[in-house]
Amino acid sequence: ERTAKFGSTTHVIKIRVKDCGEHYVYWLQPTPNYHYVWSVDTDVCLHANPLSEEWRNQFYVSESQDDLHTDYNKGKDWYRFTTGFQMMAEKPPAPQYSCGAKRAAYINQGHPNVEEGVVTREVCIKTDSEGLNQACTSKENIRVKNCGDYYAYQLNPVVQDMAYCVYNRKTSCEPKVVHAKYGELAVVNCTLNSEKDFDSSEVEWTKLNSVKLPADGLSNIEMSDDKMLLNINNIADQNAGVYALFIPSTETSELVEVILYSAVEAGKKFYTVKEGGDVTINVEINVVPTPAADKITWVKVPNKKLNGDRYSLSEDKTSLTITGVTAKEAGTYRVSVKFEVGGKKFNKSSDVIVQLEEEEEEEESGLVM
């Protein structure tokens, strides 16, 4: 024996039910009045209408009112989300115009498990001016069923400018641009806003959108167990570029650019000096460990050695001073450094121009009669 209830009334009727294995048999009584009928309960999981709009993502923010969307008067029915985690967001999105709507709607209670069947849940509808910690002042009741891999929702959107938000995963990589010297350890560190259903085997890394990691040519890159951190050991030319993280199941992505400092970096590329004056050229060697002084050489382009009393180098050869500069000393100077990173040899250089200051011609003045 079971009790049958009729929606929006307090009326109940006793019925009898028998489980016949592949079907049920019911002993029923007449309904309270002609407004009510006995109905067949179909599996809402199989017939829920798909909602596949990407703008429902809780981290999507419309840039203008022209990009706002609404579920208003979509009609009372069963729906399912097919993007993100395929479930309604459980927390209020913070920025204005989140979820591509003026008023974003999110579930205010936890989702049911499979065993609970169809349950009633409360949905909060955020106004466009409310912050993250808003009170749930505008709300509606919905029905939810856990279908295993996704959820089905019986929705009846009747609020204007409102749309339902989809829960999604968001990655964050800081910093977005990683700078490093040759031979250093460069770290690309990313995190997730949620570990919900996270499987590290999902994570994909590519370099320049073509080389999938791990790669033979990038064997100096180590990946953490959860694949959210890259350690680039003994970084060199082959490692510079853009790295892309991608998680296919939720279409989550992030870009990080790795930039190598120039192995030889001049503070100034162009010096102007008066004839007979002195000039000092300083450079920085961006290599770890710092190469010995005998690995650093200076020449005057094309390949003239610096001889004579006018030239003097600092002990570490990162500074060149030219005294009493004349037209003979003016020109382009090249500093080069030889070093090794990860068993590979490099020879990098940088050019600096020294130019004499032009003398201003004296203008002749005269009287006009």
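Residues numbered from 1 in each chain as written. Predicted model: local features only at pLDDT ≥ 70, side-chain atom pairs only at ≥ 80, totals over all residues. Heavy atoms only, no water.

**Q** Hey, could you go over the overall build of the protein chain for me, with residue numbers and the actual values?
**A** A tally of helices and strands in the protein chain yields one helix and 28 strands. Relative to a compact globule of 369 residues, whose C-alpha radius of gyration would be 21 Å, the protein chain shows 36 Å and is clearly more extended. If you line up the protein chain on its principal axes, its C-alpha atoms span 120 × 75 × 30 Å. A buried classification covers 39% of the 369 residues belonging to the protein chain. Look at the contacts in the protein chain between residues 6 or more apart in sequence, and 61% of them connect residues 24 or more apart. Summing over all exposed atoms, the protein chain offers an accessible surface of approximately 22200 Å²; the carbon and sulfur share of this is 46%. In the protein chain, the 40 positive side-chain charges and the 55 negative ones have mean positions that sit 6 Å from each other. (Helix = DSSP H or I, 4+ residues; strand = E, 2+ residues; numbered from the N terminus. Rg over C-alpha atoms; globule rule 2.2 N^0.38 Å. Buried < 20%, exposed > 50% of the residue type's maximum accessible area, 1.4 Å probe, protein only. Contact = heavy atoms within 4.5 Å. Areas by Shrake-Rupley, 256 points an atom, 1.4 Å probe, with all protein chains shown as cover. Lys, Arg positive; Asp, Glu negative; His and termini not counted. Charge placed at Lys NZ, Arg CZ, Asp CG, Glu CD.)

**Q** Residue-level account of the sheet that holds strand β3 (residues 24-27), with values.
**A** Taken together, the three strands give an open sheet; going across it, the order is β1-β2-β3, and neighbouring strands pair in antiparallel fashion. Two strands lie at the open edges of the sheet, namely β1 (2-5) and β3, each paired on one side alone. Looking at each pair of strands side by side, their axes are set apart by 40° on average, direction ignored. In this sheet, β3 lies alongside strand β2 (residues 12-19) in antiparallel orientation, the contact comprising four bridges. Bridge assignment links Asp19 to a residue of β3, and that residue is Tyr24. (Pairing = 2+ DSSP bridges. Axes fitted to C-alpha atoms, helices over the stretch in contact; angles between N-to-C directions.)

**Q** So what's going on with the pairing of strand β28 (residues 344-356)? Which residues, and what values?
**A** In this sheet, β28 lies alongside strand β21 (residues 270-273) in parallel orientation, the contact comprising four bridges. Paired with Phe270 across the bridge in β28 is Ile353. The pairing of strand β27 (residues 331-341) with β28 spans eleven bridges and is classified as antiparallel. Counted as the bridge partner of Thr332 is Ile353 from β28. Adjacent in sequence and paired antiparallel, β27 and β28 are bridged by two residues, among which Gly342 carries a positive phi angle near 55°.

**Q** Now, about the sheet that holds β28: what can you tell me, with residues and values included?
**A** Working definition: the strands of a sheet are paired by backbone hydrogen bonds and lie parallel or antiparallel to each other. The strand order across the open sheet built from five strands is β21-β28-β27-β23-β24, with neighbouring strands paired in mixed fashion. This sheet does not close on itself; its edge strands, each paired only once, are β21 and β24 (304-305).

**Q** Could you give me a rundown of the nonpolar core, with the residues and numbers involved?
**A** Formed by 52 residues in total, the largest nonpolar core has its most connected members in Val188 and Trp205. Aside from chain neighbours lying at most four places away, what touches Trp205 is Val188, Cys190, Val211, Lys212, Leu213, Met223, Lys227, Met228, Leu230, Tyr243, Ala244 and Leu245. Within the second largest apolar cluster, 27 residues are counted, among which are Ala104, Ile142, Tyr151 and Tyr167. (Core = buried A, V, L, I, M, F, W, Y, C linked by side-chain atoms within 4.5 Å.)

**Q** Now, about a negative patch on the surface: what can you tell me, with residues and values included?
**A** On the surface, a cluster of negative charge is made up of Glu275, Glu357, Glu358 and Glu359. Tracing the sequence through the fold places Glu275 in the loop between β21 and β22 (279-285). According to the relative accessible area criterion, Glu275 is exposed, its value standing at 55%. (Patch = residues over 30% accessible without salt bridge, like charges linked within 9 Å, V, L, I, M, F, W, Y side chains within 5 Å. Salt bridge = Lys/Arg side-chain N within 4 Å of Asp/Glu carboxyl O.)

**Q** Before we move on, could you go through the pattern of salt bridges and cite the residues and values that matter?
**A** Under the criterion given, the structure shown has ten salt bridges. In this structure, Asp71 engages Lys74 in a salt bridge whose closest nitrogen and oxygen atoms are separated by 3.8 Å. The buried category is assigned to Asp71, whose relative accessible area is 1%. With a shortest N-O distance of 3.6 Å, Glu122 and Lys139 are connected by a salt bridge. Taken as a pair, Glu122 in strand β7 (residues 118-125) and Lys139 in strand β8 (residues 139-146) lie far apart in primary sequence, 17 residues in all.

**Q** An account of the state of the cysteines is needed here, citing residue identities and associated values.
**A** If you walk through the whole model with that rule in mind, you get three disulfides. Here Cys99 pairs with Cys165 through a disulfide, and the sulfurs are 1.4 Å apart. Disulfide Cys99 to Cys165: torsion about the S-S bond roughly 75°, handedness right-handed. Highlighted residues: Cys99 in the loop between β5 (77-81) and β6 (103-107) and Cys165 in the loop between β10 (162-164) and β11 (171-173), separated in sequence by 66 residues. The burial state of Cys99 is the same as that of Cys165; both residues are buried. Put simply, Cys173 and Cys190 are joined by a disulfide, and their sulfur atoms are 1.9 Å apart. What sets the handedness of the Cys173 and Cys190 disulfide is the S-S torsion sign, and at about 105° it is right-handed. Of this pair, Cys173 sits in strand β11 while Cys190 sits in strand β13 (residues 186-192); the two residues are 17 residues apart in sequence, bridging distant segments of the chain. (Disulfide = S-S within 2.5 Å.)

**Q** Which residues make up a nonpolar patch on the surface, and what values go with them?
**A** A cluster of nonpolar side chains, namely Val17, Tyr24, Tyr26, Leu28 and Trp38, defines an oily patch on the protein surface of about 490 Å² accessible area. Given a relative accessible area of 34%, Trp38 falls into the partly exposed group.

**Q** Give a description of the environment of Glu358 that names residues and reports values.
**A** You can see Glu358 is positioned in the segment after β28. When the C-alpha positions of Glu358 and Lys274 are compared, they lie 7.9 Å apart, and in sequence the two are 84 residues distant.

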